[in-house]
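Survey of secondary and tertiary structure
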Amino acid sequence: MKLLEERILKDGIVLGDNVLKVDNFLNHQIDPVLMQQLGDEFARYFADKKITKILTVETSGIVPAVFTGLALGVKVVFARKQKSLTMKDNLYSATVYSFTKDVTNEITISKQYLDENDTVLIIDDFLANGQATNGLMEICNQAGAEIAGVGIVIEKSFQKGRKILEEQGMDVYSLARIKAFENGTVQFIEE
Ligand code: G4P
Ligand code: NA
Ligand code: NA
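Residues numbered from 1 in each chain as written. Chains lettered and ligands numbered in written order. Predicted model: local features only at pLDDT ≥ 70, side-chain atom pairs only at ≥ 80, totals over all residues. Heavy atoms only, no water.

Taken as a whole and judged by the stated rule, the model has 5 aromatic pairs. For the pair Phe 42 and Tyr 173, a centre-to-centre distance of 6.3 Å together with 85° between the ring planes defines the contact as edge-to-face. Of this pair, Phe 42 sits in helix H3 (residues 32-45) while Tyr 173 is found in strand S9 (residues 172-182), placing the two residues 131 residues apart along the sequence. A relative accessible area of 17% means that Tyr 173 is categorised as buried. Between Tyr 45 and Tyr 173, the ring centres sit 4.0 Å apart and the planes meet at 10°, which makes this aromatic pair stacked. Of the two residues, Tyr 45 sits in helix H3 while Tyr 173 sits in strand S9, which places them 128 residues apart along the sequence. Lys 160 extends its terminal NZ or CZ atom over the ring of Phe 99, reaching a point 4.1 Å from the ring centre. (Phe/Tyr/Trp six-rings, centres within 6.5 Å; stacked < 30°, edge-to-face > 60°. Helix = DSSP H or I, 4+ residues; strand = E, 2+ residues; numbered from the N terminus. Buried < 20%, exposed > 50% of the residue type's maximum accessible area, 1.4 Å probe, protein only. Lys NZ or Arg CZ within 6 Å of the ring centre and 35° of its normal.)

As structure tokens, this is what we get:
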């Protein structure tokens, strides 16, 4: 998506070899006009999939997920992150390890908000190693829900997430696909 690539070039900051800081419009300050355009684009791509629910993980996935839900006219559920669980009776849960942050979280969704009648679209802000998305897929499997696809705002294509999801047959639609960071500048995959 040209508009998003231009915004990343304008306001993104490359940190080290593999991190892109986008606090200007996505991860700290939020540009709702841009976010609505992203949500509309996800909705356009997945329009014929009969989506009944959007799933994401707190915190930064929520904004693009909500705009996608608005465009598709469906509810949005965000998984909560917690360190460890005692009561899990009414929860679906999955363990998510972050390579980037070297931290393990349990993500949970109430059984009240997801079941076997749902067709889910997973939305997230970044795709790096695919662990967050894998956790959400595991939760969908626990619920017996169908997964229609995965929408990602920014994919770091040089990390292994994309490949892991494709190997599982997922339809992954990323609005910006980063091939590499070279000398502090962002190189996109040409579509
Ligand atoms: P994975 O799910 O693809 O395996 O990602 P990973 O564990 O590597 O990423 C952990 C966290 O770091 C995630 O946010 C993810 O969105 C974020 N992240 C990964 N790569 C980048 C990057 O290049 N730039 C930025 N800005 N974020 C990145 P999180 O811990 O869930 O945090 P939040 O959603 O509460 O902000
Ligand atoms: Na994040
Ligand atoms: Na995220």
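Taken together, the 8 strands give an open sheet; going across it, the order is S5-S6-S4-S3-S7-S8-S9-S10, and neighbouring strands pair in mixed fashion. Strand pairing shows two members of the sheet lacking a second neighbour, strand S5 (91-98) and strand S10 (185-188), which therefore form its edges. Taken over all neighbouring pairs, the strand axes of this sheet differ in orientation by 30° on average, direction set aside. Seen against the sheet, helix H1 (residues 2-11) touches strand S8 (146-156), S9 and S10 and runs at an angle of roughly 160° to S10. Strands in contact with helix H4 (residues 62-72) are strand S3 (53-57), strand S4 (75-82), strand S7 (119-127) and S8; relative to S3, the strand with the most contacts, it is inclined by about 175°. (Pairing = 2+ DSSP bridges. Axes fitted to C-alpha atoms, helices over the stretch in contact; angles between N-to-C directions. Contact = heavy atoms within 4.5 Å.)

Treat this as a map of the structure, not an account of what it does.
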